[in-house]
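Reading the structure
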Amino acid sequence: MKPFEKRIYLSSPTMHGDELTYMTEAYETNWMSTVGKNINEVERLICEKVGCRYAVALSCGTSALHLAVKLAGVKPGDLVFCTDMTFDATVNPVVYEGGIPVFIDTEYDSWNMDPAALEKAFELYPEVKVVVLANLYGTPAKMEEIIAICQKHGAVIIEDAAESLGATYKGQQTGTFGTYNAISFNGNKIITGSSGGMLLTDDLEAANKVRKWSTQSRENAPWYQHEEVGYNYRMSNVIAGVVRGQIPYLEEHIAQKKAIYMRYKEGLKDLPVSMNPYDADIMEPNFWLSCLLIHPEAMCRQVRSDSEACYIKEKGKSCPTEILETLAAYNAEGRPIWKPMHMQPLYRMHAFVTAEGNGRARTNAYIAGGGMDVGADIFHRGLCLPSDNKMTEEEQNKIIELIKSCF
Ligand SMILES: *Cc1c(COP(=O)(O)O)cnc(C)c1O
């Protein structure tokens, strides 16, 4: 097989033309600012699509999460329960406010926060009042269980729906399960503004606070009057033009991503692997990224330091490193699973709670024959496959052949 002439991306922006129309409109009407029609429209359209009362357009998903953490009232020294296996943008905003993330282990059914581990965490730290919950790779977490636990303990949920825009759980869109919710229009997300994000909420007072904070916290006065710290977090009207052009294509992108997922599932069914799972009876993911998990008995030996990986090739077996290297050699882009936060040098000393409730972070060393927490195990055996919605069926078939060649 020859390498792909045109690189196959993990997930790249897919433009349709309307984006340029709305950007041009911003230019020609001279609303080259953080106010304008595109901003108003994207806020309206997202509320309509997601089914929330208020949407505030911001510079990125991370700024939305930051202001959500402020709204939730996190103060220096407060412990906050956080999804462990996720992008670090989920948890950094807790630290911006002086909060201390406590990481909650992952479950195997949706690769999200494990309700059993969350329950254990409340036993260990009953004072915790905020939970930051991400929906990984576009698959909703076990919302019902997690909401019930949070209600029981009087904790507020911040939902990080950056990866899951358009996904539903029991018919309800993600980005509406938390009291405060964040979505992202980063370049590799299911729809994009090149950058951008939004805070979603049903709470008018919260939405108003975010509008004020994100525009430098100006008070209502004839001059620049300030009573609280402000931020320059508002979305640009030009970026909003791109988002506005993309919103009508969300469903199309989801359908393309789902087709990619299903083709991988079918094409890889004879290998000792499974796809990132979801419960089809209660949820419909947006299939943002297709991921693969190698069965334990089919793993060749693989070790990872903080910056390098190596493995020993073995017939009939493989590992994420081998598959990623093979894809890269053929000009296709895969990616390891998000390395769990409790394994990151930045957060290694933070508390980490598993379903058994040991309450201590374990090391990131792979212990042969088990002994790993769920997040470390999925990181060890899993990887993200090229999931670009512009990838053709023919190109995907070649990716599937390349993966097969690794075993
Ligand atoms: C992309 C992403 C974010 C951050 O969004 P930005 O718009 O890039 O700031 C936060 N959380 C998760 C899980 C993400 O994937």
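What you see is a predicted model, and the numbers here were worked out from it, not measured in a lab.

Structural notes on the pairing of strand 2 (residues 79-83)
Most of strand 2 is tucked away, with 4 of its 5 residues classed as buried. Relative to strand 3 (residues 100-104), strand 2 runs parallel, the two being bridged by 5 bridges. The residue of strand 3 that forms the bridge with F81 is V102. Note: strand 2 against strand 4 (residues 130-134), 2 bridges, orientation parallel. Bridged to C82 within strand 4 is V132.

Let's talk about the layout of surface pockets
Its boundaries defined by the atoms lining it, the second largest pocket holds a volume of some 300 Å³. In terms of lining, the second largest pocket is formed by 24 residues, of which the most central are F87, A89, S184, N186 and K189. When residues of the lining of the second largest pocket are assigned to their parent elements, the largest contribution, 3 residues, is made by helix 3 (residues 61-71). Of the residues assigned to the lining of the second largest pocket, the class counts are 9 nonpolar, 11 polar and 4 charged.

Examining the site of the ligand
Close contacts around the ligand come from 15 residues, with T62, D160, E163, S184 and K189 the closest. About the coverage of the ligand: the protein hides 94% of its 380 Å² of free accessible area. Here the ligand occupies the second largest pocket. Per-element tally for the shell around the ligand: the top contributor is helix 3, with 3 residues. Split into classes, the residues belonging to the shell around the ligand amount to 5 nonpolar, 7 polar and 3 charged.

Examining the side chain of K189
With respect to the element layout, K189 can be found in the loop between strand 8 (180-184) and strand 9 (197-201). Although K189 lies buried, it forms no salt bridge, and the closest oppositely charged side chain, E163, sits 5.5 Å away as judged by the N-O distance. Dropping the residues within four chain positions of it, K189 is found in contact with A162, E163, S184 and W288.

Description of the domain arrangement of the protein
According to the domain assignment, the protein consists of domain 1 (18-249) and domain 2 (251-361 + 369-405). Taking only C-alpha atoms into account, the centre of domain 1 sits 26 Å from that of domain 2. The partner domain 2 presents 45 residues to the 51 residues of domain 1 that form the contact. Each partner contributes to the roughly 3,900 Å² buried at the junction of domain 1 and domain 2, and carbon and sulfur atoms together form 62% of this total. The three residues of domain 1 that bury the most area against domain 2 are W111, Y137 and I190, which together make up 21% of that side's buried surface.

Observations concerning helix 3
A large share of helix 3 lies buried, amounting to 9 of its 11 residues. Of the positions making up helix 3, those classed as buried are G61, S63, A64, L65, H66, L67, A68, V69 and L71. Tucked into the core, helix 3 has its buried residues touching strand 1 (54-58), helix 4 (92-96), strand 5 (156-160), strand 8, strand 9 and helix 7 (204-213). Phi for G73, located one or two positions after helix 3, is positive at around 80°.

Notes on the sheet that holds strand 11 (residues 283-284)
Pairing is antiparallel across the open sheet formed by 3 strands, whose spatial order is 7-6-11. The sheet is open, and its two edges are formed by strand 7 (172-173) and strand 11, each paired on a single side. Summarising the sheet, strand 6 (residues 168-169) and strand 11 pair through 2 bridges and their orientation is antiparallel. Pairing of T168 across the sheet is with E284, part of strand 11.

Considerations on helix 5 (residues 115-124)
P115, A117, L118, A121 and F122 are the residues of helix 5 that are buried. For helix 5, the angular spread of the buried residues around the axis is 155°, confining them to a single face. The opening residue of helix 5 is D114, an N-cap whose side-chain oxygen sits 2.9 Å from the backbone nitrogen of A116.

Topic: unusual backbone geometry
Excluding glycine, residues mostly carry a negative phi; peptide bonds, for their part, are mostly trans. With phi around 65°, W111 is a residue other than glycine that occupies positive phi space. Counting through the fold element by element, W111 comes out in the loop between strand 3 and helix 5. With relative accessibility at 2%, the residue W111 sits in the buried group. Phi at S194 takes a positive value of approximately 80°, unusual for a residue other than glycine. By the element assignment, S194 lies in the loop between strand 8 and strand 9.

Some thoughts on the sheet that holds strand 17 (residues 382-384)
Sheet strands pair by backbone hydrogen bonding; their relative direction is either parallel or antiparallel. Strand order in this open sheet of 4 strands is 10-12-17-15, and the pairing throughout is antiparallel. Among the strands making up the open sheet, the edge pair consists of strand 10 (273-275) and strand 15 (335-336). For strand 10 and strand 12 (residues 291-294), the ladder comprises 3 bridges, and the chain directions are antiparallel. Within the sheet, the bridge partner assigned to M275 lies in strand 12 and is L292.

Side note on the packing of aromatic side chains
Each aromatic ring pair is summarised here by two numbers: the centre-to-centre distance and the angle between the ring planes. One pass over the structure, following the stated rule, counts 11 aromatic pairs. Both rings, one in Y261 and one in Y278, keep their centres 5.9 Å apart while their planes meet at 65°; by these two values the pair is edge-to-face. One end of the pair, Y261, is in helix 9 (residues 250-267); the other, Y278, is in the loop between strand 10 and strand 11, and 17 residues separate them in sequence. Members of the aromatic cluster, joined through ring pairs, are F87, Y137, W288 and W338. In this arrangement the basic side chain of K70 is found over the ring face of W213, its NZ or CZ atom lying 5.1 Å from the centre. R218 extends its terminal NZ or CZ atom over the ring of Y224, reaching a point 3.8 Å from the ring centre.

The rules behind these values
- Residues numbered from 1 in each chain as written.
- Predicted model: local features only at pLDDT ≥ 70, side-chain atom pairs only at ≥ 80, totals over all residues.
- Heavy atoms only, no water.
- Buried < 20%, exposed > 50% of the residue type's maximum accessible area, 1.4 Å probe, protein only.
- Helix = DSSP H or I, 4+ residues; strand = E, 2+ residues; numbered from the N terminus.
- Pairing = 2+ DSSP bridges.
- 1 Å grid on protein atoms, 1.4 Å probe; cavity = no way out; pocket = protein on both sides within 12 Å on 5 of 7 lines; lining within 4 Å.
- Points joined across faces, edges and corners; volume = space filled by probe spheres on them.
- Nonpolar A, V, L, I, M, F, W, Y, C, P; charged D, E, K, R; others polar.
- Near = heavy atom within 4 Å.
- Areas by Shrake-Rupley, 256 points an atom, 1.4 Å probe, with all protein chains shown as cover.
- Sits in = over half its atoms within 2 Å of the grid points.
- Lys, Arg positive; Asp, Glu negative; His and termini not counted.
- Salt bridge = Lys/Arg side-chain N within 4 Å of Asp/Glu carboxyl O.
- Contact = heavy atoms within 4.5 Å.
- Domains from an automatic or database assignment.
- Buried area = accessible area lost by both parts, 1.4 Å probe.
- Arc of directions from axis to C-beta.
- Polar contact = N/O pair within 3.5 Å; in protein donor to acceptor, adjacent residues only side chain to side chain.
- Phe/Tyr/Trp six-rings, centres within 6.5 Å; stacked < 30°, edge-to-face > 60°.
- Lys NZ or Arg CZ within 6 Å of the ring centre and 35° of its normal.

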